[in-house]
Each structure stands twice: as C-alpha cells, then as structure tokens.
Amino acid sequence: MIETFTLISFFIVIYDYLFQIQKRNRVFFSFLFFLIFFESTKWKFGVDWLPYFQFFNSSKDLILLTAISTQVFEPGFVFINYIVRNLTDQYTFLLTLVMVLLYVPLFTSVFFHTNKSFLSIFYLVSTIPWYSGSLRQMVAIGVFALAINMIIKRKIISFFLLIFIASLFHSSAIPLIFSYFLYGISWGIFLIIFIFFLGLGIFADKLVQLLDYIFSQLGRRSDYSSKISANPNANPLLGLSRKIYYLFGFYIFYYSASANFINSKNEDLKKLNFFLMLSTFTLWAYLVGTYKVVYFNSRMDIYFSLISGAYLIGILENYIKLKSNKFLLICFVASLSLLFYSRLEFTNLFHPYTSIFYNT
C-alpha cells in the first residue's frame, strides 16, 4: 500500500513538472485524505505493534495519574490511550487519531511552506509511512511540524510550548530545542555550532545517563541507558557514503540556485538556509548513533534527513528556474527515496507493511 501511494505521488510530480497542476489544494487534500484513511488501517505492523496494542487494551483499567507518572510510555501517549479506550474498544480509532495528528500538521506545513511543492510530498510519502508504526514519535513529529511554524514566525514561547508537548509523546523531541536558534544565523556561526555538537556527541552516553537519572528523580521509569552502545552491524563506509551523497546533492543544488538569491525575499532565503543547516545534522545523528547511542541514528535522524529534507526540497525547487535543473532535482529526490527503500530489507522495525486491506 505504501508503494502504491509513493507511485501515485511520483506520478503527480511528473505531471506537475510537464503540465503544472492548477488546482493544487484540491489534489493535495484529496491525496492526504486517502493516505490517512489507508494508514489508519495498518494492522500488526512492526515490532512495536504488540506492546502498543496490549497497552491500549489495558488502558481502560489504569489509574491515570499513577500511569502517567510511572509508565515507560510518555505521559501524552498514556493520556490519549486512556481517553480513547474509555470511549471505544476499537484500536483502529486510536490509529486514526495518531495518523491525523501526524499527517495533517506535517504535510500541510511542508506543502504551504514550500509554495505547494508536490516533490516534497512525494519525498515524505516515500519515507515517513514506513516509520508510522512508531505511534509515539509520529505524534511528536506532527507537533514538531507545528513548532517549525513558530520558528519561522519567531514565536519562542509558542515554540518551547510545542516542543514540551511533543516531548510528552516522545523524548526524541527534547534535543530539537536547539533548532530554534539556527534560524537566521550566518554560515560561520552555524559551523561553530555544528563543531560544538560534534564535540558534545563524544559525551552523548553520559548525557543519556543523566537523562535517565533526572526521570528517575521525577518518579518515572526510564531505560534510555540501554541504548548506549555502538551499532555492531553498522558499515561506516556505506553509512557515511549515504550521508555524504544526501548532503552533497543538496549543497550542489543550493549552489546552483544561488544566482537567484539576490532577487529573493530575505525570509525565503532564511528558510532555505535554516532547513539546509538542520538537514546537515543528519551527519551528526549518524556519527552519534553509530558510535555512541544507537537511539540517535534510528530516531533523531528522522527529523534531520526526512522532515527537514522535505522542506528543503520544496524550497530549493522554488529557487531553481531552469527546467533541466528541476528535472535533475526530481531525479535526485527519487534516488534518495530508492536508496531509502533499498535499505528496508535490512530492518524489521516497521517492515513489511501490513494493513486490513493489504499485505506484503
């Protein structure tokens, strides 16, 4: 089913490239509706399925305040399970709610910040659904998309509030606090920040242990320290090659579009620089996740290589004026999606995809 939606979205991209779609909102929202509908029918999808399903069934009998303070799952996820389970015993209803909280804010934010780019939507469709069985992080991603809107509007209180809400569903949102301070900075300052984070990555294992200690003092069980280890199956040569290919391609397209920066609005250029800077942290997430904390590579990189990358693709597309260069960008994005898809056979986290209507 995911492959079907990926192909449909790619066909929309090609059609838009050749003929330019006029009723873009109608096409987008129709596609989004059907994507949410079919994503809500996932069933026995990935290794997280059973613990989530069992937790949902037991949520009706929870003592809510005790569960929120002591459960391994984050408080926000505990709360929505409790509310939904007391309304209905249909697990599909919870899945639908999570998919709405993921796809509506994420896709609409990307679509409208990229001047309605279907190429960005194609990239999201070809990647994000494969992770959507991770229900807690999917809600956090949807909230982070709203937080990105606050970054661009420079509303710091609203941004911190949204990051706090996102962290109530998945702790991977906590390190994203730093992203607010990337917007509008120079490349020289970014380089200093990036080098600082590379140095900080050396102590990532100690910081995770500190996070566990803080949660334990708050009365919550926390086992993030179990993620402290190097990835024994990682191939640094292939892994770094994929990251370098990803970043090299974007920086090349950034350079090719730079001739149009002079006539662009300052805010548009700030957005482009911001998402390119944020996407660059995919390299940091890979290094920390490979050699220090495996949690980083599998979870944090979604924000940098997939979410930020989707915004970046659409904004770059708007800057690129030559038809031939736009076609090259389409080919590059398609190659990223194919590269991502080729790696699925090496993980069983949320693959293969299974739903009420479709099995692979």
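Everything below is about the structure printed above this text.
Report on the accompanying structure. (Residues numbered from 1 in each chain as written. Predicted model: local features only at pLDDT ≥ 70, side-chain atom pairs only at ≥ 80, totals over all residues. Heavy atoms only, no water.)

Things to note about the side chain of Ser179
Next, step 1: Here Ser179 is to be found in the loop between helix H9 (156-167) and helix H10 (187-201).
Next, step 2: Once you skip the residues sitting within four places of it in the chain, Ser179 turns out to touch Phe144, Ile151, Phe159, Phe274 and Leu278. (Helix = DSSP H or I, 4+ residues; strand = E, 2+ residues; numbered from the N terminus. Contact = heavy atoms within 4.5 Å.)

What about the nonpolar core?
Next, step 1: Within the largest apolar cluster, 107 residues are counted, with the highest numbers of intra-cluster contacts made by Leu106, Phe107, Ile128 and Phe304.
Next, step 2: Once residues lying within four places of it in the same chain are set aside, the contact partners of Phe107 are Phe28, Leu32, Leu35, Ile121, Leu124 and Val125. (Core = buried A, V, L, I, M, F, W, Y, C linked by side-chain atoms within 4.5 Å. Buried < 20%, exposed > 50% of the residue type's maximum accessible area, 1.4 Å probe, protein only.)

Overview of unusual backbone geometry
In most cases, non-glycine residues show a negative phi, while peptide bonds are predominantly trans.
Next, step 1: The phi torsion at Gln20 lies on the positive side, around 65 degrees, for a residue other than glycine.
Next, step 2: Inspection of the secondary structure puts Gln20 in the loop between helix H1 (2-19) and helix H2 (24-39).
Next, step 3: Look at Gln20 and you get exposed, because its relative accessible area is 53%.

Details of the packing of helix H6 (residues 91-113) against helix H8 (residues 135-153)
Next, step 1: At a minimum axis separation of 9 Å, H6 and H8 run at an interaxial angle of 30 degrees. On the basis of the axis angle, H6 is roughly parallel to H8. Where H6 crosses over H8, the handedness of that crossing is left-handed. Only Leu135, Met138, Val139, Ile141, Gly142, Ala145, Leu146, Asn149 and Ile152 of H8 make contact with H6, whose side of the interface consists of Tyr91, Leu95, Val98, Met99, Leu101, Leu102, Pro105, Leu106, Ser109 and His113.
Next, step 2: Class assignment of the residues belonging to the contact of H6 with H8 gives a composition of 15 nonpolar, 4 polar and no charged. (Axes fitted to C-alpha atoms, helices over the stretch in contact; angles between N-to-C directions. Parallel < 35°, antiparallel > 145°, perpendicular 65-115°, else oblique. Left-handed = near helix turned anticlockwise from the far one by under 90°. Nonpolar A, V, L, I, M, F, W, Y, C, P; charged D, E, K, R; others polar.)

Brief notes about the pattern of salt bridges
Next, step 1: In this structure the tally under the stated criterion is 5 salt bridges.
Next, step 2: We note a salt bridge from Lys243 to Asp301, for which the minimum N-O separation is 2.5 Å. A residue pair is termed long-range when its members are at least 10 positions apart, and Lys243 in helix H12 (residues 236-257) and Asp301 in helix H14 (residues 294-319) qualify at 58 residues.
Next, step 3: Close ionic contact of Glu267 with Lys270 constitutes a salt bridge, the shortest N to O distance being 3.6 Å. With a gap of 3 residues between them, Glu267 and Lys270 both fall in helix H13 (residues 266-291), about one helical turn apart.
Next, step 4: Exposure remark for Glu267: the relative accessible area of 37% places this residue in the partly exposed category. (Salt bridge = Lys/Arg side-chain N within 4 Å of Asp/Glu carboxyl O.)

A look at the packing of aromatic side chains
Next, step 1: Counted by the stated rule, this structure contains 52 aromatic pairs.
Next, step 2: When the centroid spacing of 4.9 Å and the interplanar angle of 70 degrees are considered together, the rings of Phe28 and Phe29 count as edge-to-face.
Next, step 3: The exposure class assigned to Phe29 is partly exposed, which follows from its relative accessible area of 39%.
Next, step 4: One aromatic cluster is present, formed by Phe178, Trp187, Phe190, Phe194, Phe196, Phe197, Tyr251, Tyr254, Phe281, Trp284 and Phe304 through successive ring pairs.
Next, step 5: Taking NZ or CZ as reference, Arg85 lies 5.9 Å from the ring centre of Phe56, over its face.
Next, step 6: Looking at Lys323, its charged tip hangs above the ring of Tyr17, at a distance of 4.6 Å from the centre. (Phe/Tyr/Trp six-rings, centres within 6.5 Å; stacked < 30°, edge-to-face > 60°. Lys NZ or Arg CZ within 6 Å of the ring centre and 35° of its normal.)

Fair warning: the whole summary comes from geometry, so function is off the table for now.
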